[in-house]
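# Understanding the architecture of this molecule
Here are the chains, one letter per residue:
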Amino acid sequence: MEIICLTVGDLATHCYLAIDEETRQTLVIDPGDEGDFLSTTILENNLVPQAIILTHGHYDHCLAALELKLNFSLPIYLHQKDLFLYEKAHLSAKHFSHIAIPKLPPIDHFLKDQEIITFGNSSLKVLHTPGHTPGSVCLYSARSLFSGDTLFVNGVGSTDHQYSSASDLKKSFAKIKPFSTNSLIYPGHEDFGLPLVATPPHLFS
Ligand SMILES: [Zn+2]
Ligand SMILES: [Zn+2]
């Protein structure tokens, strides 16, 4: 699997293109913004996108979902427990970043824990990891962990929101520990493609 990271939008969110090298079939993980840039990159690299996967429903991870869906006829995948965030993403974008976009299109498929998403000869395993948001997921493949805002290279995802849960996040860390300690981490923000550099002991104990 080849990975291209594109950093987009006001909050410098990482959109990842997870590419099956033989077939060029690709999953678009978190199209946060700048749909033109993402689409051009997909075309220039001769990629064959299959689906849009959202690690969670925060607006900075899904603002370009409509544009990519329309450009490439892609289904959008999200965990059902983050639907309430996704459905108000256009309002949050306006409120927090003064960005005007239409309401996002309906979700085509709700992600399930342990589900395998296949693209070409590659696949990603879905791990439901609530905490940062109730419907956060991580995606694992061959020593790569796409962790959304659940886990950063330097440790912790935030639990600042009223719908966040520090105790759920702790359980989620325990769940992804076997994957995260042997993997390079591809989080929603900041450093990527590196091993964990600081493991918060209170979360992994
Ligand atoms: Zn984020
Ligand atoms: Zn987030």
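The structure we're discussing is the one just above.
Per chain, the residues get numbers from 1 upward, laid out in the order the sequence is written. Each chain takes a letter, starting from A, and each ligand takes a number, starting from 1, following the order in which they are written. Local features in a predicted model are, by the rule used here, given only for residues with pLDDT of at least 70; side-chain atom pairs are given and counted only at 80 or more, and totals for whole chains, interfaces and linings are based on all residues.

## Section: the environment of leucine 70
To be explicit about the condition: Each helix is a run of DSSP H or I of at least 4 residues and each strand a run of E of at least 2, with the numbering of both proceeding from the N terminus. Any residue surrounded by 20 or more other C-beta atoms within 10 Å of its C-beta is treated as buried, while 12 or fewer makes it exposed and the intermediate range makes it partly exposed; C-beta atoms here are placed from the backbone.
With respect to the secondary-structure elements, leucine 70 resides in helix α2 (residues 65-72). Its 12 C-beta neighbours within 10 Å are what place leucine 70 among the exposed residues. Sequence separation of leucine 70 and proline 105 is 35 residues, and the distance between their C-alpha atoms is 9.8 Å.

## Quick word on the packing of helix α1 (residues 35-44) against α2
The condition is simple: Convention adopted: a line fitted to C-alpha atoms gives each axis, helices being fitted over their contacting stretch, and angles between N-to-C directions are expressed from 0 to 180 degrees. Crossing handedness follows the turn of the near helix against the far one: under a right angle anticlockwise gives a left-handed crossing, and clockwise gives a right-handed one. The contact criterion used here is simple: two residues whose C-beta atoms, placed from the backbone, lie within 7 Å are in contact. Note that Gly is not counted as nonpolar here; it falls among the polar residues with everything else outside the nonpolar set of Ala, Val, Leu, Ile, Met, Phe, Trp, Tyr, Cys and Pro and the charged set of Asp, Glu, Lys and Arg.
Where α1 meets α2, the axes come as close as 9 Å, and the angle between the chain directions of the two elements is 35 degrees. Pair α1 / α2 crosses with right-handed handedness. Taken together, the residues of α2 that come into contact with α1 (itself represented by Gly35, Leu38 and Ser39) are Glu67, Leu68 and Asn71. Its residues assigned to classes, the contact of α1 with α2 comprises 2 nonpolar, 3 polar and 1 charged.

## Considering the sheet that holds strand β7 (residues 116-119)
The cut-off we apply is this: The rule for pairing is simple: two strands pair if DSSP sees at least two bridges between them.
Ordered in space as β7-β8-β9-β10-β13, the 5 strands form an open sheet in which the pairing is mixed. At either margin of the open sheet sits one strand with a lone partner, and together these are β7 and β13 (184-187). For this sheet, the mean inter-axis angle between neighbouring strands, taken without regard to orientation, is 25 degrees. The pairing of β7 with strand β8 (residues 122-128) spans 4 bridges and is antiparallel. Paired with phenylalanine 119 across the two strands is serine 122, which belongs to β8. Contacts from helix α5 (residues 166-180) reach β8, β9 (137-141), β10 (144-148) and β13, with the element oriented near 150 degrees to β10.

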